[in-house]
Structures are given as C-alpha cells and as structure tokens.
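Chains, contacts and geometry: an overview
What follows is the residue order along each chain.
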Amino acid sequence: MKKCFLRGLWVMLLIAMQLFSVADGAETFEQKAERMQWWTEARFGMFIHWGLYAMAARHEWVKNHERMSNEQYQKYFDLWNPDLYNPSEWARAAKNAGMKYFVVTSKHHEGFCLWDSKYTDYKATNTPWGKDLLKPMVDAFRAEGLKVGFYYSLIDWHHPDFTIDRMHPLRDNQAERAKNKDRDMNKYAEYVYQQVQELMTEFGAIDCLFLDFSYPGTDGKGHKDWQSERLVKRIRELQPNIIINDRADLLNTDYGWDFSTPEQFMPRAWVTVNDKNVPWETCQTFSGSWGYHRDEESWKSPRQLVSMLIETVSKGGNLLLNVGPTARGTFDERACSRLASMGEWMKYHSRSIYGCTAAPQEFQVPQNCFLTYNPQLNRLYIHIMELPFQALHLDGYQGKVKYAQLLNDASEIHFERQASHAGGGSKNENTITLRLPVKQPNVIVPVVELFLQ
Ligand code: GLC
C-alpha cells in the first residue's frame, strides 16, 4: 500500500517536472530528442488539406486569389455535403503508402471548422452534411496505428474580428479596411485560444500541431496578434508530449517551436537555425495546390515522389506529403495511384527510411546516389538513382563493410577491394567496388544495404 502510494507520488512528481521544464523552456536536448523520437523515426506522414475550397477545386487560397467576400464564399458552406466521406479509406491509403502520422487542417485560412467547435457557427455540423468531420477521421487514423496531428490556421478570413491586412481577401477594399477599427484582434486571439484548447482536450492525445502562419511587419501579423506565447504555453500544458512547428513567430524562444518547415522546396542540406542542425519536416504537394485542384497538371511522378522521400531522409528530415480530398470526400485517382506506388516501394524499402537519417560524414556519397543510415542497426543504405553498369565504386569504404545485399529481395551483392574494372580511373586502396546486376531490379529506386563493421 505504502509502496503504491510512493510510486504514485513519484509518477506525479515526474509529470510535474516534465510540465514545468517544458513550459519553462528548460527542456534539455536529450529530453527534446526523446519527446520527438517517434516523429524522427517515422520520417513520412500525410498532410490533408480539406475544407470548403475543395468545392471551388481551384486552390485553397481561392477566396483570397479571387478577393471574395464572406457573402460570395457562402455558397460553398450552404452546399457542403461530402457524401462519400469514409475516413477509414483515407487512413488505409496513408498506412499502405508507408505513412506513420497524419496532419489535417482542422481549420484553414478560410475559417471553416471541420469539428463541432463551441465558439463558431462556421463549422461542418451546420452545413447540409450536418456532422462532425474531424472526430471520425482521428478515430480512423488512430485505428490504423497512425499518430495524430492537427493543422490550425492562425489566419482567418471569415472571422469578424480578424483585421484586414495585406494578406486578406479584402485587402484592396478600402471601405472594408476603414472598418478595421471595429474589429478587435484581442477577441480574435481569444477565439484562437479557445478553439485550440478544444482541439487539445476533446480528441485524446494529439501528437503534433501545425500552426499556420505568421507574416510580421507592415500590415502583417505575428506573435503579438496571435498572442503566441500564451497559446503555445497552454498547448504544452494540455499536451506535454506534443510536437509543434515553427510558424507562430516564436523562433527566438526555445519552447515556441520544435521543428522547421521548409515548404514546397528541397533544402540543399540538413536545415540549420543559427548554424545548428534542427529537426525539420518538408511539406510537399503532389501538384502545387494543397486543396483539391481539378485542373492542375503538374503532378509529380511516383519516381519523383519516392526520390523526394529518399532525399529528405538523406538530409535528416521528414516528408509530410499532402492530399487534397475532393468535396465528395474522396481521394482522387491521381492521388490514390501515387500513394499506392509509394507504398509498393516502401513495402520493400522502408528499412532505408524508418529510423534512418543522414549518413555519417566519413561515408562519401557515390555518384547518382543518396545515402541514408540507421544508427541502431549500423547499416548504410545506398539509393541508386541511376544504375551504373555493373560496378559501383565506394571510395573510402575499404574495411568498413561486412556484407552487402539488395534491399528489395535480400540478394547478396559481391564486393571487392579496389576498382578492378575502373578502366583508367585511379586505383584507390580504400575503394571497394560493388558488383551490381546489369539489369535493374523491378523497383522504382534500387537500394543496396550495407552491413557495417
Ligand atoms: C502555406 C499556405 C497554405 C498551406 C500551408 C502548408 O502557409 O498558406 O495554404 O496550408 O502553407 O504548409
């Protein structure tokens, strides 16, 4: 009995210490690494952008691009009825693609809420659909074993207290701008606070949060407008293990963000902040728009997408790949087929992705390849983007490799010291040469797994 009591006390003390240290910004490097461990190992997640803009089907910024008023945008709300919505299908598609977590737009810039928020009428439950869309999604993804993340837009082009600024759909409407004096950003910040509290308390454990976004400066908005300090501290109190992105304009604090978010571009190397490598996640689209875009033609090929995942992990990052479901509640065929192709590759190659990171510097990257490394297994993965004819020379690898195999079928790859077929290339004592098959295995990108000494 006494033992039990003491153990209880100890657990409470530990929780209190954790709460205190995180809220206080006093978390150590090791504590942060531990909190982020699942995420660092996962490497691959699904972003979902879903809202009224799916009906316009021409970009989630359509309200802004076309400078629409709330009245003009209202038709989408009045007709919103995603009759084919089946989040279990979405969750299965994500899982089969090899994704380990998902992040969904609970509210995007348009202000429409997928959940039954107490603080607004502008929500799914008040549309013809009439039901909460978020709760079933969370349940479905959890049931497939994926971690849960919410995107929440700090920007809100529908809320009456959100002042019109340079980013607003009504930015050029002087009459509307003149009414800014009647809008109260303090009230809006309170709305954000209450809504985020709802998201942090009514859906169980939330694993990550993507706040979007700040644009401080003239006619913009930043941490003062969102009252980010108070907001993020509250989030960490409610969900001490949560992982938060870097867009609340709190980059100068240590508690205000956990990872960097390069968007729609491939960083050249591991992302740094103040010259230090930081955890990072690049969010990418299949075709440019985040929301469903019917007529977009710039869809990336499965090979480009797999390459993107590999390159991201080779630089120590995560890939959050976006799907914009249609207004009927489905993933369209272009998204489904690409997810399936990625899943086919991941089925045989996820070992070079999960738990992997950039290779130690001592391993030179061979031509046309990307390296990833699993520190736990002490294995190096050579992703061969362009299969060379038979010989792949690995300079400086002599003495470091125990065994080599193709990852897709675990078939042995012989290797020998020096470049025996280098043909004129300078001989190097420290080079080993892998003897690859002439014919590329039937996979998008072949991978050689090296068991290191
Ligand atoms: C940008 C866009 C937005 C998208 C987001 C994803 O901030 O405003 O539409 O949701 O990036 O990272």
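Procedures and definitions
Residues numbered from 1 in each chain as written. Predicted model: local features only at pLDDT ≥ 70, side-chain atom pairs only at ≥ 80, totals over all residues. Heavy atoms only, no water. 1 Å grid on protein atoms, 1.4 Å probe; cavity = no way out; pocket = protein on both sides within 12 Å on 5 of 7 lines; lining within 4 Å. Points joined across faces, edges and corners; volume = space filled by probe spheres on them. Helix = DSSP H or I, 4+ residues; strand = E, 2+ residues; numbered from the N terminus. Pairing = 2+ DSSP bridges. Axes fitted to C-alpha atoms, helices over the stretch in contact; angles between N-to-C directions. Contact = heavy atoms within 4.5 Å. Buried < 20%, exposed > 50% of the residue type's maximum accessible area, 1.4 Å probe, protein only. Domains from an automatic or database assignment. Buried area = accessible area lost by both parts, 1.4 Å probe. Salt bridge = Lys/Arg side-chain N within 4 Å of Asp/Glu carboxyl O. Parallel < 35°, antiparallel > 145°, perpendicular 65-115°, else oblique. Left-handed = near helix turned anticlockwise from the far one by under 90°. Nonpolar A, V, L, I, M, F, W, Y, C, P; charged D, E, K, R; others polar. Core = buried A, V, L, I, M, F, W, Y, C linked by side-chain atoms within 4.5 Å.

Turning our eyes to something else, we now look at empty space enclosed by the protein. The final tally for this structure, using the stated rule, is three cavities of 30 Å³ or more. In this structure, the largest cavity spans a volume of roughly 120 Å³. In terms of lining, the largest cavity is formed by 15 residues, of which the most central are Ser 287, Ser 289, Tyr 292, Trp 299 and Gly 324. Forming the boundary of the second largest cavity are Trp 39, Tyr 101, Val 103, Cys 208, Leu 209, Phe 210, Phe 259 and Glu 281. Mapped onto the lining of the second largest cavity, the elements with two or more residues apiece are strand E2 (101-107) and strand E4 (208-212). Broken down by element, the residue count for the lining of the second largest cavity peaks at three residues, all from E4.

Moving on: the sheet that holds strand E16 (residues 447-452). Reading across from one edge, E10-E11-E16-E13 is the order of the four strands in this open sheet, with antiparallel pairing throughout. The open sheet terminates on both sides in strands that have one partner only, identified here as strand E10 (369-374) and strand E13 (401-406). Taken pair by pair, the neighbouring strands of this sheet meet at an average axis angle of 20°, ignoring direction. Bridge count for E10 against strand E11 (residues 379-384) is six bridges, and the pairing is antiparallel. Following the sheet pairing, Tyr 373 is matched in E11 by Leu 380. Most of the contacts of helix H13 (residues 302-314) go to E10, to which it runs at about 55°, and overall it touches E10 and E11.

We now examine the pairing of E10. Of all six residues in E10, five are buried, a share of seventy percent or more. Between the end of E10 and the start of E11, which pair antiparallel, lie four residues, with Asn 378 showing a positive phi angle near 55°.

What follows is about the pairing of E2. Of all seven residues in E2, seven are buried; the element is thus mostly enclosed. In this structure, strand E1 (residues 44-48) lies alongside E2, joined through four bridges in parallel fashion. Within the sheet, the bridge partner assigned to Ile 48 lies in E2 and is Val 104. As paired strands, E2 and strand E3 (residues 147-153) are joined by six bridges and run parallel to one another.

Turning to the domain arrangement of the chain, a few remarks are in order. Domain assignment breaks the chain into domain 1 (25-352) and domain 2 (369-452). Just the C-alpha atoms count here: the centres of domain 1 and domain 2 sit 39 Å apart. Between domain 1 and domain 2 lies a buried interface of about 1,400 Å² when both sides are counted; carbon and sulfur atoms form 63% of it. Summed over the shared surface of domain 1 and domain 2, the result is one salt bridge. For Arg 351, the salt bridge goes to Glu 449, with nearest N and O atoms at 2.7 Å. Looking at the side of domain 1 that touches domain 2, the elements with two or more residues in it are H13 and helix H14 (333-349).

This part is about the packing of helix H7 (residues 87-97) against H14. In a packed pair of helices, the relevant descriptors are the angle between the two axes and the axis-to-axis distance. It is the contact of H7 with H14, at a shortest axis distance of 7 Å, that shows an interaxial angle of 40°. One way to sum up the angle between H7 and H14 is to call them oblique. Contacts from Ala 93, Asn 96 and Ala 97 in H7 reach Leu 339, Met 342, Gly 343 and Met 346 in H14.

Now for the packing of H7 against helix H8 (residues 134-143). Where H7 contacts H8, the axes come no closer than 8 Å and their chain directions differ by 40°. In terms of orientation, H7 lies oblique with respect to H8. Our pair here, H7 against H8, has a crossing hand that is right-handed. Contacts between H7 and H8 involve Pro 87, Ser 88, Trp 90, Ala 91 and Ala 94 from the first element and Pro 136, Met 137, Ala 140 and Phe 141 from the second. Grouping the constituent residues of the contact of H7 with H8 by class yields eight nonpolar, one polar and no charged.

Glancing now at the nonpolar core. Ranked by internal contacts, the top residues of the largest apolar core, which has 96 residues, are Met 46, Trp 50, Met 137, Phe 141, Phe 150 and Leu 211. It is helix H10 (residues 185-201) that contributes the most residues to this core, eight residues altogether. Structurally, this core is a two-domain feature, drawing no fewer than three residues from each of domain 1 (25-352) and domain 2 (369-452). In this view, Trp 50 contacts Trp 80, Pro 82, Tyr 85, Trp 90, Thr 105, Leu 114, Leu 133, Met 137, Pro 325, Thr 326 and Gly 329; residues no more than four positions away in its chain are not counted.

Empty pockets left among the atoms are what a rolling probe the size of a water molecule brings to light. In this structure, the largest pocket occupies an estimated 1,100 Å³ of space. Phe 29, Lys 32, Ala 33, Asn 277 and Pro 279 are the residues nearest the centre of the largest pocket, which is lined by 36 residues in total. At the level of elements, helix H2 (29-35), helix H3 (37-42) and strand E7 (276-277) are the ones that each hand at least two residues to the lining of the largest pocket. For the lining of the largest pocket, a count of residues per class yields 16 nonpolar, 11 polar and nine charged.

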